[in-house]
Amino acid sequence: MVHRSSKQVSKKILAGVTVLCAIVIGIALGLSLAATSNIKNQENFVELAPALPTKILDSNGALITEFSADEKRELVSLNELPRHLINAVLSREDPDFYTHKGFSIRGIARALYGMVTGRMLGGGSTITQQIAGSLYTDRTERTVGRKLRELWWALQMERRYTKNEILEIYLNYVYMGPGTFGVEAASKYFFGHSAKEITLAEAAVLVIQLSSPSRYNPLNNPNHAMDRQKAVLDRMVDFGYATAEEAKASFDEYWANFDYTRASVAAYYHREDAAPWFSEYVRRELEDMMYGSMDYYRDGYTVMTTLDLKQQEAAVRLMAEGLEKANKEYAASSRRRLDRAEQTYIPVVNLLSLYFDMEGVRSTSNAQHRQRTVSQYTKTINPVVDLASLAFGIQDLKEITAAGFESLKRAAAENVVEGALVTIENDTGYISALVGGSRYDESNQLIRATQGKVMPGSAFKPLYYSAAIDSRKFTPSSLIYDIPMVFHNEDGTPYIPLNFRGEWKGPVLFYYALAHSMNVPSLKVLDGIGFDAAIDRASALLGIENEEVRRRTFPRVYPMGLGIISVAPIQIARGFAVFANQGRDVTPIAIRSVEDRNGRIVLDPERDVRQKQRRLRNNAQVISPQNAYIMTSILKKTVEIGTLSSGSGWGSKFTFKDEEGNRYHIPAAGKTGTTQNWSDAWAVGYTPYYTTAIWFGFDKPGNSLGLSLTGATLAGPIWGDFMREIHQGRPYREFVKPSSGIIDVTVCAKSGLLRTAACSEGSVTLPFLDKTQPSQYCDLHGENARRLPSENYLQTNNLTIHGGLDADSLTGDLRMPVLSLDLPSGVGDFDLNLQPSGAEESEPFTLPAPSYEPEPPAYNPLLE
């Protein structure tokens, strides 16, 4: 045994001597090579470009998030780091760093002695060798050849870089724990602050990560870390880098405040994201912009974006409140509908089944059946399936049942109300806030604000109202009748629209019809200008240039006029922002510029957008400034007296105080929208500063929010609250009025003609395109005033229809006369004379006619 042991020792000594000789030879060779001018001239070092995350910054330079692969690294300059951190590294890793030439004979000898004796005395590599090995060799390779290559590169680095440069590379490059590289990233991960603020004890914790990040991770192994940290501090005291009192005080303070409950998870998964929906939108934009070998996960770009984090925080908070309200109300209304059905029909069915002894007919509600099924599965079936699959090794059984259960859960999730918000700065097109849905996670990444294709409802109407103004067939004071009306599509099929809650107002002015979202007057406007003019104007405002997309987006049928199309919220926001921007093009942008790690601009999307707008010249004017101003004036009425008045607090949400306590009011304009079946609720509005579009609805078409959740009652208040928050502290600003081409005229609020002293129903001042303003005086008030036939109609109890029709005939070929103000007054029942072609005259049948109600003193938000 003794002989065998001495033989093994001899072998180890021989191996050690061999390695030492090889190293000495390698050193000599390296020194000789380093001295040759030929090598100096032809050396080609690998450029030191460690993987860095891409930083996403908001418009004020605040960090939103970082995009990285599996490495978290932040570069820091050596002269920014505290001296005690540098001293801790040197005392633990390489005390002779500033005196050796890249290698340490004493370190090599110590490592060889440890290898021969089997004792762990530390490695023999200097800091230069460690970083050279990491950069130019595979440190997992445990061979003499690898050590020689490492040594050679260490000598080259010593010639190429100063000692401080080598140390700075080392402190920024080395692996220091779960997904972190370099002292800056490691300090933020372990301690929550920069390495520039690191304490003595924290510096010792970072240093021990260099030798074994897993073993000495304080989050996983606090006891091991504590012992090793104490050893580093003692060594620093021995070298005179700190006093014993300083080391002990820092050590005690660190562990007194240590969080023993925190788990150690890779830094990548701990990254913060202040605006995940916006960040994902930016990431997708970067994918489209970057080319070649550009990699935003590793190349360390800095992306300057348009987001305002303060606005984003308000958007997320208020949308969360709106979604909570919507889902609670939707769930409650669904239960009420089911309860009414169950209370009315289920008892009758069950009574009949009992009376006639038909057991198979006995019924329970679908809701009760689903609830019992899910409960039975989760409490009884699922545990048995799990046990059986484990006991008998039937993995497929578990997978199949799990898939079925997931399908059940997805079906339930389809009944969740979703929402989206997007805010655009009118002057620049900057997207300053963006919310894409209820939450952002692996299963919910559809950015509804930009990707969602949903029906805008009445929020679409202003787009073709704008075309009507330019047609000069309509003015803000044009008189239009809000009465039951039949419209014929191009293929001859009839369409009979209804107003919200089936109410009719009779004669109304153009601006009033839009402010109160009246359907029949709006379709009369569409009918008056034609589909081509309406589609052309809507396409221009929404930014739709492709002819095929236009064709798919705008069906040439009258329901299009009520917003039965598919657009994204950002498109609607863009259209309204054009109104706010004096008719000029507004291109929504999220990325202003992208800089590489050296601060050089490599992508400049904002410059590209501005250059394109300059090239367009006059074509950048989507609509005229005069048209934009008139539309803004009309849409201001929506906020003052129409469907957005409640959401805006009847103007109070846009009233502010300046520094001296003086009140001022920032003007606002907008429109709500509620689609058929109450499936979507919108609020879109703007000030001279910003435009915001808000949508609530379902990802799966067909569900209804319920009568109580409309654009006015759900989206409107959120819009008003959000717009108030983002305008706090902003000075007064008015919408710009063109210097020419606009005439302001005061007209009678009833007739739309020039106001007289006899006009007792109020007046309104409206802007008109020059030469379209009314020239006649009101003839509805005074001694010789004429009466509108619709006044009598609205006071009758029945709507009489002649022509031998039954209810089904209304879907046939109907012809509808246009009312004229010249009809005689005193008409009793209002004779619509709806008669199919070729039908014989017969006894009329009657339909109930809605009664007229005076305009309430304060706008009821349900009247949309």
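Remember, it's a predicted structure, so these values are computed and weren't measured experimentally. (Residues numbered from 1 in each chain as written. Predicted model: local features only at pLDDT ≥ 70, side-chain atom pairs only at ≥ 80, totals over all residues. Heavy atoms only, no water.)

Some points on the overall build of the protein chain
In terms of helices and strands, the protein chain carries 26 helices and 22 strands. Out of the 864 residues in the protein chain, the part that is buried amounts to 50%. Within the protein chain, contacts between residues at least 6 apart in sequence are counted, and of these 73% link residues at least 24 apart. If you sum the accessible surface of the protein chain, you get close to 42100 Å²; carbon and sulfur atoms cover 52% of it. (Helix = DSSP H or I, 4+ residues; strand = E, 2+ residues; numbered from the N terminus. Buried < 20%, exposed > 50% of the residue type's maximum accessible area, 1.4 Å probe, protein only. Contact = heavy atoms within 4.5 Å. Areas by Shrake-Rupley, 256 points an atom, 1.4 Å probe, with all protein chains shown as cover.)

With respect to the packing of helix α22 (residues 569-580) against helix α24 (residues 625-640)
The relative placement of two packed helices comes down to the angle between their axes together with the axis-to-axis distance. Between α22 and α24, whose axes approach to 8 Å, the crossing angle comes to 110°. Compared by their axis directions, α22 and α24 come out roughly perpendicular. Touching Phe576, Val578 and Phe579 of α22 are Ala628, Met631, Thr632 and Leu635, all from α24. Here the contact of α22 with α24 is built from residues that sort into six nonpolar, one polar and no charged. (Axes fitted to C-alpha atoms, helices over the stretch in contact; angles between N-to-C directions. Parallel < 35°, antiparallel > 145°, perpendicular 65-115°, else oblique. Nonpolar A, V, L, I, M, F, W, Y, C, P; charged D, E, K, R; others polar.)

Quick look at the environment of Glu418
With respect to the helices and strands, the residue Glu418 is situated in strand β6 (residues 418-425). As for Glu418 and Glu324, which are separated by 94 residues in sequence, their C-alpha atoms are 9.9 Å apart. Those residues in contact with Glu418 that sit more than four places away from it in its chain are Leu323, Gly437, Ser438, Arg439, Asn444, Arg448, Trp695, Phe696, Gly697 and Asp699. Of the polar contacts made by the side chain of Glu418, one reaches the backbone nitrogen of Ser438; its length is 2.7 Å. (Polar contact = N/O pair within 3.5 Å; in protein donor to acceptor, adjacent residues only side chain to side chain.)

Things to note about unusual backbone geometry
In most cases, non-glycine residues show a negative phi, while peptide bonds are predominantly trans. The phi dihedral of Asn677 falls on the positive side, at around 65°, and the residue is not glycine. Structurally, Asn677 can be placed in the loop between β16 (669-674) and β17 (680-686). By relative accessible area, Asn677 is classed as partly exposed at 41%.

Side note on the state of the cysteines
Under the defined criterion, the tally for this structure stands at zero disulfides. Cys748 forms no disulfide, and the closest cysteine sulfur to it belongs to Cys759, at a distance of 3.7 Å. What makes Cys748 buried here is its relative accessible area of 0%. Here Cys759 stays unpaired: no disulfide links it, and the sulfur of Cys778, its closest cysteine neighbor, is 3.7 Å away. On the accessibility criterion, Cys759 (6% relative accessible area) is buried. (Disulfide = S-S within 2.5 Å.)

A word on the sheet that holds β16
Neighbouring strands of a sheet are bound in pairs by backbone hydrogen bonds; such pairs are parallel or else antiparallel. Pairing is antiparallel in the open sheet, where five strands are placed in the order β7-β6-β18-β17-β16. A single partner strand is all that each edge strand has here, and the edge strands are β7 (431-435) and β16. Taking the axes of each pair of neighbouring strands and ignoring which way they run, one obtains an average angle of 5° across the sheet. Across the sheet, α24 touches β16 and β17, and the angle it forms with β16 is around 65°. In this fold helix α25 (residues 711-727) packs onto β6, β7, β16, β17 and β18 (690-697), with an angle of close to 30° to the strand it touches most, β17. (Pairing = 2+ DSSP bridges.)

Comments concerning the pattern of salt bridges
One pass over the full model with this rule turns up 32 salt bridges. Taking the shortest distance from any N to any O, the salt bridge between Glu184 and Lys188 comes out at 3.7 Å. Separated by four residues within a single helix, Glu184 and Lys188 lie in helix α8 (residues 183-191), roughly one turn from each other. What makes Glu184 buried here is its relative accessible area of 5%. Overall, Lys188 belongs to the partly exposed group, its relative accessible area being 37%. The salt bridge involving Lys653 is made with Asp721; its shortest N-O contact spans 2.8 Å. Highlighted residues: Lys653 in the loop between α24 and β14 (655-657) and Asp721 in helix α25, separated in sequence by 68 residues. What makes Lys653 buried here is its relative accessible area of 15%. Counted as one network, the salt bridges with shared partners bring together Lys55, Glu66, Glu74, Glu184 and Lys188. (Salt bridge = Lys/Arg side-chain N within 4 Å of Asp/Glu carboxyl O.)

What to know about the packing of aromatic side chains
The full count for this structure, using the stated rule, is 27 aromatic pairs. Seen in terms of ring centroids, Phe474 and Phe510 are 6.0 Å apart; in terms of plane orientation they differ by 35°. Their pairing is tilted. Of this pair, Phe474 sits in the loop between α17 (461-471) and β8 (479-482) while Phe510 sits in helix α18 (residues 510-515), and the two are 36 residues apart along the sequence. The burial state of Phe474 is the same as that of Phe510; both residues are buried. The interplanar angle of 70° and the centroid separation of 6.0 Å between the aromatic rings of Phe576 and Phe579 together place this pair among those described as edge-to-face. On the criterion of helical spacing, the pair formed by Phe576 and Phe579 is a turn pair, its members being three residues apart in helix α22. (Phe/Tyr/Trp six-rings, centres within 6.5 Å; stacked < 30°, edge-to-face > 60°.)

Comments concerning the sheet that holds strand β1 (residues 54-57)
Strand order in the open sheet formed by five strands is β2-β1-β5-β12-β13, and the pairing between neighbours is mixed. A strand with exactly one partner marks an edge of an open sheet, and here the two such strands are β2 (63-67) and β13 (601-603). Going across the sheet, the axis of each strand differs from the next one's by a mean of 25°, ignoring polarity. Lying on the sheet, helix α23 (residues 605-616) is in contact with β12 (591-595) and β13; it crosses β12 at an angle near 130°.

Comments concerning the confidence of the model for the protein chain
Scored by pLDDT, the protein chain has a mean of 79; 71% of the residues are at 70 or more. Within the model, pLDDT remains below 50 along residues 32-46, and this stretch shows 17 contacts once partners closer than five positions in the same chain are excluded. Confidence drops under a pLDDT of 50 for residues 790-864, and excluding neighbours within four residues, the segment shows 142 contacts in the predicted structure. (pLDDT = per-residue confidence, 0-100.)

Some thoughts on the environment of Arg724
Along the polypeptide, Arg724 turns up in helix α25. Judged by relative accessible area, Arg724 falls into the partly exposed class, the value being 27%. Along the backbone, Arg724 and Phe656 are 68 residues apart, and their C-alpha atoms lie at a distance of 8.9 Å. In this structure, Arg724 is in contact with Ser652, Lys653, Phe654, Thr655 and Phe656, ignoring residues within four places of it in sequence.

Considerations on the environment of Asn257
Tracing the sequence through the fold places Asn257 in the loop between α11 (244-256) and α12 (276-289). The class of Asn257 is exposed, set by a relative accessible area of 61%. A polar contact of 2.9 Å, which involves the side chain of Asn257, links it to the backbone oxygen of Glu253.

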